[in-house]
Each structure stands twice: as structure tokens, then as C-alpha cells.
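Architecture and fold: a report
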Amino acid sequence: MSKHKRQMNLNVFLMNVGHHEAAWRHPGTEPQHITDLGYFTRLARLAEQAKFDSLFLADILAVGKNVKHGAALAGLEPFTLLSALAAVTERIGLIGTVSTTYNEPFHVARKFASLDHISKGRAGWNIVTSGSDIEANNFNQDAHPEHSKRYDRAAEFLDVTTGLWDSWEDDAIVIDRESGTFSEGAKVHEINHDGHFFQVRGPLNVPRSPQGYPVLVQAGSSEDGKEFAARYAEAIFTAQQTLGEAQRFYADVKGRLGKYGRHPDELKILPGISAIIGKTEAEAKEKEQELHELIIPEYGLNQLSNMLKVDLFTYPLDGPLPELPNVEEINGNKSRFQLVADLARRDNLTIRQLIQRLAGGRGHRTFAGTAVQIADELEEWFTQGGSDGFNVMPPYLPEGLEAFAEEVIPELQRRGLFRTQYTGSTLREHYGLNRPVNKFVNVPLSRVSGV
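Looking at an unreviewed UniProt entry, the protein carries the name LLM class flavin-dependent oxidoreductase, with the source organism given as Paenibacillus oenotherae.

Next up, the structure:
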């Protein structure tokens, strides 16, 4: 049994009935329960028993034309669900997706501060800039803002939200009943932000939360996304297909942190892995094929057409991809477009084969094998400079999570690669991250406004 001082961080990404696009058709899933708190409570408690660092909920602010054949885009709003799960769990982190393009900083800062208080320090924010016109159409806009402008807005959004989280110093509340003083006014600050996208006075109407800030997570891997992550993010959920790709991404992003005065350990890189687990490799491959046979080609074609910005319905399923636009022309998810285009070219895939390859993880690494084989794969990426851990994406729920928790995690624990018990109580402690210093502490009072 190998022993490693450094251990993996493992997050579980809960996607309704699972990550395979046909999971809702699988007899082992429960699509009728995707709005049932009891269902998510079972999943959250299972993940906590397995000692996952955190669970993560995705979000998109629209429903596409493919809703007829897929369950992925229907479900509960993340803040509401995570607040409920905070009450039925004790240690596992709770990460929710919120867009900086279609929200206001004050709303988001207030909600995450509240979730961090409710959970006693387990909140995390997956920061996205959104990626489609159909989302813009739900927010009084005809088209999605240009890619770089979305990241400019996101950067200012983060400056405002972190300022609001700092607007209450940790010891601002005194509760002196005798004098009638609830809080020390000089320790509650206006931020008076006047920027290109936002004008925000502050302070926040929620006192500073247990973690100071929620853990800041980011999922973009474009040039803009990597630079944003190097400046702000404390964890990245990313997609790579090969160890070589993962190593290059890891070195690239970690190498950018120095110019922002950050240490490489301050950012955890967690590639996605969607694992189908069998007692034997043959059994795992059989399970994978059973899922692939449930794929509805129309759904896959629509997903792929949207991703690549080409109408693939006019091309034969068993033929190659047509000529694709240049990545600079893509105003959605540039990094995922490039990953899929590269995958199709590298492995000479037909459209049907590409749909199958993407069905389990939308570009994230998929792997069918035994628990030992999956642990081998994860260990190699972790020890060879490809990751700090993984974003585990069960292909179908609840069975996929049960198998990972009961078979893969014990194997990782036997190798000394993953915790056997929680040693901290906050998400920052799980990830080995420091609590942010309040930017108003030790600032001369003449430079800030007290209320």
C-alpha cells in the first residue's frame, strides 16, 4: 500500500439523475424525484458518509429546445436546495453555481453570506459567466454579451462581492445591552464602489460569515477563464481527456498565480471524472453499453450542435464532423468547443461516436472499469502533475454515487490518497485554504466610511 503525504480533494457533482444524457431512462434512476428534497438528502448524506470535501450543483438560467428528451436542465434552484441540505448535513461543503452575467453583486453576496452562516462555514460559489443566447433572452437581452466583456463584468462583480463580504469586520457585533450598542459603527463599512458595470454603496446587511468568503470556484478553461481563475479562484472544475492535456493545463494555470501574489497551493485543480464501475472490466463495459443504447440521437445532435455552433442535423450520423468555425468565433464556452473539436479530430470520430463519447460527461473524462482500475487512473493523474483531486460525476444516480463511495473511495483510502475522517468543519479547512483577511482591518479610518 503506497502512502502519500498529499491527499486528494474530491467533490461530487450532483446532476439530477446523473451525468449520462440518457440516465433518466435507466431503470436504476429516479427522475420523478428531481424536485424532492428527500432524494437529495439521501445523496448528500451518502456523499458525507464517504467523506467527500463537497457537493456541487450546476445551474443554467434557461431551458433549451432539447427539453423533450432530457432531464438535465429541469430541477431546483441551487441556493434554495443547498440551504435545505445544510440543515441535514454537518461537514460536507455545499457549492452552488451562480452567474455573474445575469445577477447583481449585492444579491449574490447576501445569499452566499447567508448560506455560509446557515451551514456554519461550508458554502462555495461556482462562478460562471453563462454561455448562451437563450439565457440572455430571459433577462431582457436579445443576445449574449461578448465573451471578454462577460469576464470584465465578472472581475468587477468579484471586486464588489468580496468588498461587501468584508464590509462587516469580524468583531463588529458587540451586543452591549446596557449601553444599547448592537454593533460598533466604525467596523461596519460602506464600500462606495463606482465602476464600469456597478455602483454599490454597501455595507452588506449580513454580518461577516464563518469563512469570510465562500470558497471561490470557477469552471472556465479559455484564456480569459484561466486568467480569471489565477486571479480569483480557489478551485477549478475543469475538463481534460488525457493526462498530457491535464498536465499542461495544471502547469499553465498554476504558473499564472505568481503575478497575482498567490501560491500554487491556493488553487485546487479538479478535473471531472465520470466513472462506470463494475466488479470486472467486462461488467463495467457492459453497463456503459447499456447506457449508450438508451441515447436518443436527436438529443445528442442538439447538444452537439449547440456546443459546436453548427447544425449537425443535416449531416449523416455515421459520417465525420463538417468543417467547424474557428474558436475565436465562438461566443459561448470556448474551451469546451476546442476540447470537443480536438477529440473528434484526434480519434477520427463519426458524429454518432462523438455523441457517445460526450454522453457520459459532456467533454469530461469518462472511464469504465473496476474500482481498482479507476483508482489507478485517479492516482496517476494526481501524482503525475495533472490534478489536485477530482470533480466526481456519477453517470447515473443514486447507484453511480453508491458504487464510487463504497468501492473507489475505500481503495483510495487504502493507498493513503484520501481522508478516512474529516479533520475540519469548514469547506476552507477541507481544501486547506486560508480564511481571507478582511481588507478593512488596519485601514486608517480616514480612508473608509463608517455607518
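Turning next to the pattern of salt bridges. Across all of its chains, the model carries 26 salt bridges by this definition. Between lysine 254 and aspartate 388 there is a salt bridge, and its shortest N-O distance comes to 3.0 Å. One end of the pair, lysine 254, is in helix 7 (residues 243-256); the other, aspartate 388, is in the loop between helix 12 (371-383) and strand 14 (389-392), and 134 residues separate them in sequence. Here glutamate 377 makes a salt bridge to arginine 365, at a shortest N to O gap of 2.6 Å. With glutamate 377 in helix 12 and arginine 365 in strand 13 (residues 365-369), this residue pair connects regions lying 12 residues apart in the sequence. Via salt bridges that share partners, Glu223, Lys226, Glu227, Asp252, Arg256 and Lys259 belong to a single interconnected network.

The side chains of a regular strand alternate between the sheet's two faces. For strand 4 (residues 123-128), the tally of buried residues reaches 5 of 6 residues, placing the bulk of the element in the interior. Judged from the 6 bridges that link them, strand 3 (residues 93-99) and strand 4 form a sheet pairing that is parallel. In the strand pairing of strand 4, isoleucine 95 is matched with glycine 124. The sheet contact formed by strand 4 and strand 10 (residues 215-218) spans 4 bridges and is parallel.

Attention shifts here to the side chain of asparagine 126. For asparagine 126, the location among the structural elements is in strand 4. When sequence neighbours within four positions are dropped, the list of residues in contact with asparagine 126 reads Phe56, Ile95, Gly96, Thr97, Val98, Val217, Gln218, Ala219 and Phe237.

So, how was this worked out
- Residues numbered from 1 in each chain as written.
- Predicted model: local features only at pLDDT ≥ 70, side-chain atom pairs only at ≥ 80, totals over all residues.
- Heavy atoms only, no water.
- Salt bridge = Lys/Arg side-chain N within 4 Å of Asp/Glu carboxyl O.
- Helix = DSSP H or I, 4+ residues; strand = E, 2+ residues; numbered from the N terminus.
- Buried < 20%, exposed > 50% of the residue type's maximum accessible area, 1.4 Å probe, protein only.
- Pairing = 2+ DSSP bridges.
- Contact = heavy atoms within 4.5 Å.

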